[in-house]
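Residues per chain are reported as follows:
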Amino acid sequence: MFKFFRNLNLSAKFLLFATLVLILIFSGLAVWIYNTDRESTIQSVDNRMYSQLEDLVTLLELEYRAKQQEMENALRVASSRVKTLGAIQEQEEKVQMVAINQATQTQKVVEVKKWLLRGALVQENSKVVDSIAALVGSQVAIFQKIPEGYMRIATTEINPKSNKRMEGVYLPMGNNIVQTIERGQTFKGRILQNNEYFIVAYEPLRVEGEIKGMIYAGVKEKDVTFLRRKFKEKKYYVSGYPFAMHISGEYVIHPILEGKNAEKRFIDYAQKNKRGKYRYRYPNNEEGVWKWTYFTYYEPFELIVGATIDEAQLLDDSLEKARNTLLIGFILALLVFLLGFGTIVNYIASSIRKIIDNLRLMSEGRKTEKIPVTSQDEIGVMAESLNKLIDGFESYKNFALSIGNREFGANFTPLSQDDELGNSLLEMRNNLKAATEKEQREKWLTDGFTQFAEILRQNNDNIEALCLDIITNLVKKLNANQGGIFLLKNLNKPTENEEESEKVLEMVACYAYDRPKMMRKIVKIGEGLIGQSFQEADILNIREIPQNYMHITSGLGEANPNNILIVPLKTNEITLGVVEIASFEYFDDLSVEFVEKVSESIAITIFTVTSNLQTQMLLKESRQLTQEMREKEEEMRQNVEELEATQEEMRKNEKELKRVLFDAKSQKEQMDSLINNTEDLIIALDKDYKVMIFNENAKNWYYERTYNKLTIGVSLLGFLQPEEIEHFKENYSRALLGERFAVEEKIGEKIYEFRYNPMQDDQGKAVGVSIFGRDISERKFAEQNLRLQLLELQEAEEQLQKQLKNLQETTEDARKKLFGLEQYDKALTESKFVRIEFSLDAVVTQVNPTFCNLIQFESQEIIGKVHKELLETEEANSPAYLELWRNLRVGISQIVEQRYQDKYGQELILHSHFLPIKNQGGKVVNILQVGVDITPFRLQEKSLQVRIEKLQKEIEKLQNNS
């Protein structure tokens, strides 16, 4: 096709091109008119169909409201019927029923009190609910409250699997319906039951003034029979019809596909968009017809309501007339255009053929004659321009011959400023000239780099010889007269006085200097041109030489140079020295560039040589350090063993704490045994410094100091030295004001740590102070030795000791609080122990301030919550949690470690002892939880483990290096 078009003459091409343009214009206009008319038709259909959808939704809304009214009427009738039959009488005698959890389907046998209505048993009595259902025409059920929730005791609801009434099926306590009833309110809503949606209502049922049950009434949400009849009455255009589809994709109402699933693509589209228009082919093959489906989502019934119409019925008839009108207009316009345009094109083509003949000759490289110019129109301008081009080609030929002979000075003038060929010839001449000069410069640089690369590979073990070879060849390469290399003094020798080597440059090699004088030349950093160039790390190219700065000696005498070039020797931003070159002639840019680039290679080579010398000396020092490292390794191994022993002691103390918590309900004799089974001193004082509690260690310690026996009620001030009394009173006052702290005191040759803790009553008032004392002399001595050996081991040891002290403090605090059943509650309230009381349903009934502070809730926010609501989700849903409360309800105490969540979502770990509290008859009436916060301990334990692993890796690394 393209070959045929290229072979046509010019007039045919113009005529063909113009015809195609006209066709394209008319085609675009026809498409635009057609699409505009089509969009207008579609918009009108859209508006009508969406209006029809609104009518269908109104039908559903009326149906939904009718069902709600029917449900409310049913509930009122059911409630009224129960009240009419008389008050329900609750008997002490019980009946057994199988309780089935509606959510989990788990079963258990429960006993419930008998309910009588007019002397008849309500439980499993279908006559009562059937009589109510006959009045209201809906489902009816009576629920009775059990500990697990609300259980159906009489109902008309049928289980479709067993075809039996759903008596015994209960709603668990956590259900939204149950929670609403518990608040004394009526629940109204929509539920899914047996795969069908019901509109339901639940009303509290009070027996003897208390909510002990509820009445249920429910009706099916939608009446498909009514809706199907209304939908069949609708018809859109010729064959359009409405339909209703469940959100899952099943057609609920459809003239053909009712009960079947819709096309998956339509289901996905409808579920995603909820409202819109969907175009598809039915059936889904080449013979199918295109259809439009308009749809919208009605949420109360979870239905997609839609209407389907044929596309052809809407568009083809209305657009056929527009297509015929456009076709006739296009044919008439095309005929008129071709007649007029063909006449003009024939005149232009005959004039252009003459110009084409000359251009063909020029394209073959042959000489051609000028064309006579007979007109001043566009054809005449083309002929005149062609004549100028013929003259220009002759001048191009002569200039090209001159360039080929390397006559770069030949004269040539382009035809104009925009003469691309002429300007290109001039640019080619200039480029060839510049390339020749550049080639000579690059060859000079390349030869120089090659020469100095060879020089730098020699004398790699002697700085002086290397530098002499470099400066000699560098002066000769530049045709200079004199030069020298200055390096930092002691560059290749490590020295303790580094400031001196950094401030002084020393000449290590020179060429054509006055040797007896200049070889000893020393220059300070920043002094003179050499020192300035080194300090600024920059090149100095001096052409105005200071008088007496330098003299060049020759056979004719001495004279000042005209140019001095000073270049710093740098590598990796480190300046090692400078190169100075002097000459009678001026250095050009090429010479400066060469020295600058070669100086980098010189600096790298000098740096490498000096580094090798320093490396040899460092190797010797490294062997000495390796021996010292081996000695340190043995010390660290011993310290790690001590840390492991300390960690084992921490585990033993943790076991001791668990044992103490397990025996929390023991009597006073057991408590005495516990507080005496420790090396610590334990003593508790009232506000008048009188002794309330003490252990045997405290008794013996004070006896050894004063030879007086410690007894209950005696003032502790009588057991102190006069100089100790004021200091003791200050510490005591601080603790009495509510501060908890520890102090270290040196008594004799030993160092003791005393921890002061305030004791408070239920109102938070101070009633005394407890004091824990411990001999920490050995620990202090160990800490001092570890601090001298290794700082990092000291930090680990101190962290571990803090953990041990916190653990032992908690242990002793627990033992103190066990003194006396009468002081038990007060001790728990004022200590670090958590105290929580629960009902048998695990509902919090009482909580102490310690737990409130830890979990960051007010007590009124916690009381009334179920225990599992305070725990982390994973903890609350674990089998172990269910086993815990199962054992507690039968009277078995439990010791557990549980993870809680505070108000801001942070983890809280409690080690707790759960105690069942029984009445005089031995029946469990409530549950008591006593616990201690071990969150810091667990966090410190993890941190310590990480540090020990890090130390072990460091030891292994040292062993590998040695």
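- Within an unreviewed UniProt entry, the label attached to the protein reads PAS domain S-box protein, and the organism entered is Raineya orbicola.

## A word on the layout of surface pockets
- Of the pockets and cavities examined, the largest pocket occupies roughly 2,200 Å³.
- Pro147, Glu148, Met173, Asp841 and Arg889 are, among the 45 residues lining the largest pocket, the residues nearest its centre.
- Only β1 (89-101), β2 (107-117), β4 (139-146), β8 (169-172), α4 (176-182), β11 (210-220) and α24 (879-889) provide two or more residues apiece to the lining of the largest pocket.
- Ranked by the residues each element gives to the lining of the largest pocket, the list is headed by β2, at 7 residues.
- Broken down by class, the residue content of the lining of the largest pocket amounts to 20 nonpolar, 8 polar and 17 charged.
- Counting contributing residues, the lining of the largest pocket receives three or more from each of domain 1 (62-220) and domain 5 (831-947).

## Here we look at the sheet that holds strand β17 (residues 482-488)
- Reading across from one edge, β19-β18-β17-β24-β23-β20 is the order of the 6 strands in this open sheet, with antiparallel pairing throughout. With one partner strand each, in any of the chains shown, β19 (522-524) and β20 (540-542) form the two edges of the open sheet. Averaged over all pairs of adjacent strands, the angle between strand axes in this sheet comes to 20 degrees, irrespective of strand direction.
- Of the strand pairs in this sheet, strand β23 (residues 563-571) and strand β24 (residues 574-583) are connected by 9 bridges, and their pairing is antiparallel.

## A few points about a nonpolar patch on the surface
- Together, Leu389, Phe393, Leu415 and Leu421 make up an exposed nonpolar region whose accessible area comes to about 330 Å².
- With respect to the helices and strands, the residue Leu421 is situated in helix α9 (residues 420-456).
- Accessibility expressed as a relative area gives 43% for Leu421, which makes it partly exposed.

## Structural notes on helix α3 (residues 126-136)
- Listed in full, the buried residues belonging to α3 are Val128, Val129, Ile132, Ala133 and Val136. One side of α3 carries all its buried residues, which in axial view fall inside an arc of 125 degrees. In α3, the exposed positions that point more than 90 degrees away from the buried face belong to Lys127 and Ala134.
- With its phi angle positive at about 70 degrees, Gly137 sits one or two positions after the end of α3.

## Section: unusual backbone geometry
- Each neighbour pair has its own omega, and for Tyr282 with Pro283 the value is -10 degrees, a cis peptide bond.
- Checked against the element boundaries, Pro283 lands in the loop between β14 (275-282) and β15 (289-298).
- At Glu124, a residue that is not glycine, the phi angle is positive and equals roughly 60 degrees.
- Here Glu124 is to be found in the loop between β3 (120-121) and α3.

## Here we look at the UniProt feature "coiled-coil region" (unreviewed entry) in the protein
- Here the UniProt feature "coiled-coil region" (unreviewed entry) sits at residues 50-77, 615-663 and 779-817.
- As annotated, residues 50-77 has a helix share of 100% and a strand share of 0%, and its two end C-alpha atoms lie 41 Å apart.

## Describing the packing of α9 against helix α10 (residues 463-477)
- Viewed as axis vectors pointing N to C, α9 and α10 meet at an angle of 165 degrees, and their least axial separation amounts to 10 Å. In terms of orientation, α9 and α10 fall into the roughly antiparallel class. At the point where α9 passes α10, the crossing takes the right-handed sense. Contacts from Trp444, Asp447, Gly448, Gln451, Phe452, Ile455 and Leu456 in α9 reach Leu466, Asp469, Ile470, Asn473, Leu474 and Lys477 in α10.
- For the contact of α9 with α10, the class distribution of residues is 7 nonpolar, 3 polar and 3 charged.

## Describing the pairing of strand β18 (residues 504-511)
- Along β18, 6 of the 8 residues are buried, which leaves the element largely enclosed by surrounding structure.
- Both β17 and β18 contribute to a ladder of 6 bridges, which runs antiparallel. Bridge pairing in β18 links Phe486 to Met507.

## Concerning the nonpolar core
- Trp115, Ile142 and Met151 are the most contacted members of the largest nonpolar core, which totals 57 residues.
- For this core, the element with the highest residue contribution is helix α2 (residues 10-84), accounting for 14 residues.
- Listed in part, the 33 residues of the second largest apolar core include Phe452, Leu466, Val475 and Val567.

## Points about helix α6 (residues 264-273)
- The complete set of buried residues in α6 reads Phe266, Ile267 and Ala270. Buried residues of α6, seen end-on, are gathered within an arc of 100 degrees and therefore sit on one face of the element. In α6, the exposed residues that point more than 90 degrees away from the buried face are Lys264, Arg265 and Lys272.
- In this structure, the buried side of α6 is in contact with β12 (241-246), β14, β15 and β16 (303-310).
- Backbone geometry just after α6 places Lys274 at a positive phi near 70 degrees.

## Regarding the pairing of strand β27 (residues 741-747)
- By the bridge criterion, 7 bridges tie β27 to strand β28 (residues 750-760) in an arrangement that is antiparallel. Pairing of Phe741 across the sheet is with Tyr756, part of β28.
- Joining the antiparallel neighbours β27 and β28 is a turn of 2 residues, in which Gly748 adopts a positive phi near 70 degrees.

Conventions used here
- Residues numbered from 1 in each chain as written.
- Predicted model: local features only at pLDDT ≥ 70, side-chain atom pairs only at ≥ 80, totals over all residues.
- Heavy atoms only, no water.
- 1 Å grid on protein atoms, 1.4 Å probe; cavity = no way out; pocket = protein on both sides within 12 Å on 5 of 7 lines; lining within 4 Å.
- Points joined across faces, edges and corners; volume = space filled by probe spheres on them.
- Helix = DSSP H or I, 4+ residues; strand = E, 2+ residues; numbered from the N terminus.
- Nonpolar A, V, L, I, M, F, W, Y, C, P; charged D, E, K, R; others polar.
- Domains from an automatic or database assignment.
- Pairing = 2+ DSSP bridges.
- Axes fitted to C-alpha atoms, helices over the stretch in contact; angles between N-to-C directions.
- Patch = residues over 30% accessible without salt bridge, like charges linked within 9 Å, V, L, I, M, F, W, Y side chains within 5 Å.
- Areas by Shrake-Rupley, 256 points an atom, 1.4 Å probe, with all protein chains shown as cover.
- Salt bridge = Lys/Arg side-chain N within 4 Å of Asp/Glu carboxyl O.
- Buried < 20%, exposed > 50% of the residue type's maximum accessible area, 1.4 Å probe, protein only.
- Arc of directions from axis to C-beta.
- UniProt positions renumbered as here; feature names shortened; annotations may be inferred.
- Parallel < 35°, antiparallel > 145°, perpendicular 65-115°, else oblique.
- Left-handed = near helix turned anticlockwise from the far one by under 90°.
- Contact = heavy atoms within 4.5 Å.
- Core = buried A, V, L, I, M, F, W, Y, C linked by side-chain atoms within 4.5 Å.

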